[in-house]
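# Architecture and fold: a report
Residues per chain are reported as follows:
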Amino acid sequence: DAGVTQSPTHLIKTRGQQVTLRCSPKSGHDTVSWYQQALGQGPQFIFQYYEEEERQRGNFPDRFSGHQFPNYSSELNVNALLLGDSALYLCASSWTGGGTEAFFGQGTRLTVV
Amino acid sequence: AQRVTQPEKLLSVFKGAPVELKCNYSYSGSPELFWYVQYSRQRLQLLLRHISRESIKGFTADLNKGETSFHLKKPFAQEEDSAMYYCALSTNFGNEKLTFGTGTRLTIIP
């Protein structure tokens, strides 16, 4: 089991563009959460997907959207990129059965120029 | 809203000395508390969670509801403990939405 995999590992985009980040959860996991980690900060919760629906959302604007597919993989989309969106984006997967650990991917480093 | 505070951004400790990384939280209900660790060039991983009451790699953490703290302790630091440590809180058991602190970088001096 490769664990949680994210792609791409690094990405450079221009302000105003749109970006899509991808995440494959750990085998057996059905819930995917996305976090944004700015430099020098802890991860901040963006949203969580379960059964292909957004179950919870953090304090992020509508420019941040996501999707979960039937195979539990997930995408994070960010529209109209701002310089402040530059960060490490982490995906975490877990099993919604309860009491289980969240496993994190290596992250995608997004740089907006 | 919940909040996690880690007052020390950096902490240096000599090998063999005791380690304590501080974590305070604010939440009116009954939280679930975690410590996550990130070693150099590795992904974020769970170190321990308060409900399991385990000792992992010699680390322990006790939830003190009166002081709203969840400090991480180890009696004798080892060089391989050098890493970034994050305290995190979840408000719903089994729902892994986590609120993280800003992290403490622990450096063990040989």
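For the structure itself, look to the data block above.
This text gives an overview of the structure that appears in the document.

Cut-offs applied
Residues numbered from 1 in each chain as written. Chains lettered and ligands numbered in written order. Predicted model: local features only at pLDDT ≥ 70, side-chain atom pairs only at ≥ 80, totals over all residues. Heavy atoms only, no water. Helix = DSSP H or I, 4+ residues; strand = E, 2+ residues; numbered from the N terminus. Rg over C-alpha atoms; globule rule 2.2 N^0.38 Å. Buried < 20%, exposed > 50% of the residue type's maximum accessible area, 1.4 Å probe, protein only. Contact = heavy atoms within 4.5 Å. Areas by Shrake-Rupley, 256 points an atom, 1.4 Å probe, with all protein chains shown as cover. Lys, Arg positive; Asp, Glu negative; His and termini not counted. Charge placed at Lys NZ, Arg CZ, Asp CG, Glu CD. Pairing = 2+ DSSP bridges. Disulfide = S-S within 2.5 Å. Salt bridge = Lys/Arg side-chain N within 4 Å of Asp/Glu carboxyl O. Buried area = accessible area lost by both parts, 1.4 Å probe. Polar contact = N/O pair within 3.5 Å; in protein donor to acceptor, adjacent residues only side chain to side chain. Nonpolar A, V, L, I, M, F, W, Y, C, P; charged D, E, K, R; others polar. Core = buried A, V, L, I, M, F, W, Y, C linked by side-chain atoms within 4.5 Å.

All right, on to the overall build of chain B then. Helices and strands together make up the secondary structure of chain B, namely zero helices and eleven strands. Seen in sequence order, chain B has helices and strands lined up from the N terminus as β-β-β-β-β-β-β-β-β-β-β. For chain B, the C-alpha radius of gyration of 13 Å lies close to 13 Å, the compact-globule estimate for 110 residues. Dimensions of chain B, computed from C-alpha atoms along their principal axes, come out at roughly 40 × 30 × 25 Å. Counting over 110 residues, chain B shows a buried share of 46%. Taking all contacts inside chain B whose residues are at least 6 apart in sequence as the whole, residues at least 24 apart take part in 59%. Summing over all exposed atoms, chain B offers an accessible surface of approximately 5,600 Å²; the carbon and sulfur share of this is 50%. Taking the 14 positively charged and 10 negatively charged side chains of chain B as two groups, their mean positions are separated by 5 Å.

The next thing to look at is the pairing of strand 11 (residues 104–109) of chain B. A regular strand places its side chains on the two faces of the sheet in alternate fashion. All names here are of chain B. Of the two faces of strand 11, only one is covered, namely that formed by T104, L106 and I108; the face formed by R105, T107 and I109 stays uncovered. Strand direction decides the pairing type here: strand 2 (residues 10–14) and strand 11, joined by five bridges, are parallel. Looking at strand 11, one finds that F14 is bridged to I109.

For the rest of this paragraph, the subject is unusual backbone geometry. All names here are of chain A. Residue P8 is bonded to the preceding S7 through a cis peptide linkage, with omega at -10°. One can find P8 in the loop between strand 1 (5–7) and strand 2 (10–13). Here the phi dihedral of E52 falls at roughly 65°; this positive angle occurs in a residue that is not glycine. Note that E52 resides in the loop between strand 5 (44–50) and strand 6 (53–57).

With that settled, consider the state of the cysteines. Residue and element names in this part refer to chain A. Scanning the model with the defined rule gives two disulfides over all chains in all. Paired through a disulfide, C23 and C91 show a sulfur-sulfur distance of 1.8 Å. The disulfide joining C23 to C91 has a torsion of about -60° about its S-S bond and is therefore left-handed. Here C23 is found in strand 3 (residues 19–24), whereas its partner C91 is found in strand 9 (residues 87–94), with 68 residues between them in sequence. The pair formed by C23 and C91 is uniform in burial state, with each residue classed as buried.

Attention now goes to the pattern of salt bridges. Residues and elements named next belong to chain B. Scanning all chains against the criterion turns up eight salt bridges over all chains. Between K22 and E20 there is a salt bridge whose closest N-O contact spans 3.4 Å. A residue is classified by how much of its surface remains accessible, and K22, at 30% relative accessible area, is partly exposed. One salt bridge connects K74 with D81, and the closest N-O pair in it is separated by 2.8 Å. Residues joined in a network through salt bridges with shared partners are E20, K22 and K73.

So, about the interface of chain B and chain A. Listed per partner, the contact involves 18 residues of chain B and 20 residues of chain A. Regarding the contact of chain B and chain A, the summed buried area is about 1,700 Å², with carbon and sulfur atoms giving 47% of it. Across the contact surface, chain B and chain A share five residue pairs in polar contact (both at pLDDT 80 or more). Looking at the side of chain B that touches chain A, its residues break down into seven nonpolar, five polar and six charged.

Among the nonpolar cores identified, the biggest contains 24 residues, and W35, L72 and Y85 of chain B are the most heavily contacted of them. Among the elements that take part in this core, strand 9 (residues 83–90) of chain B stands out by supplying four residues, more than any other. Each residue touching Y85 of chain B, except ones within four places of it in the same chain, is listed here: Q6, L21, W35, Y36, V37, L47, F59, L72, G103, T104 and L106 of chain B. Counting 20 residues, the second largest nonpolar core, distinct from the first, contains L11, Y49, F64 and V78 of chain A.

Note that all results are geometric; they support no functional claim without further evidence.
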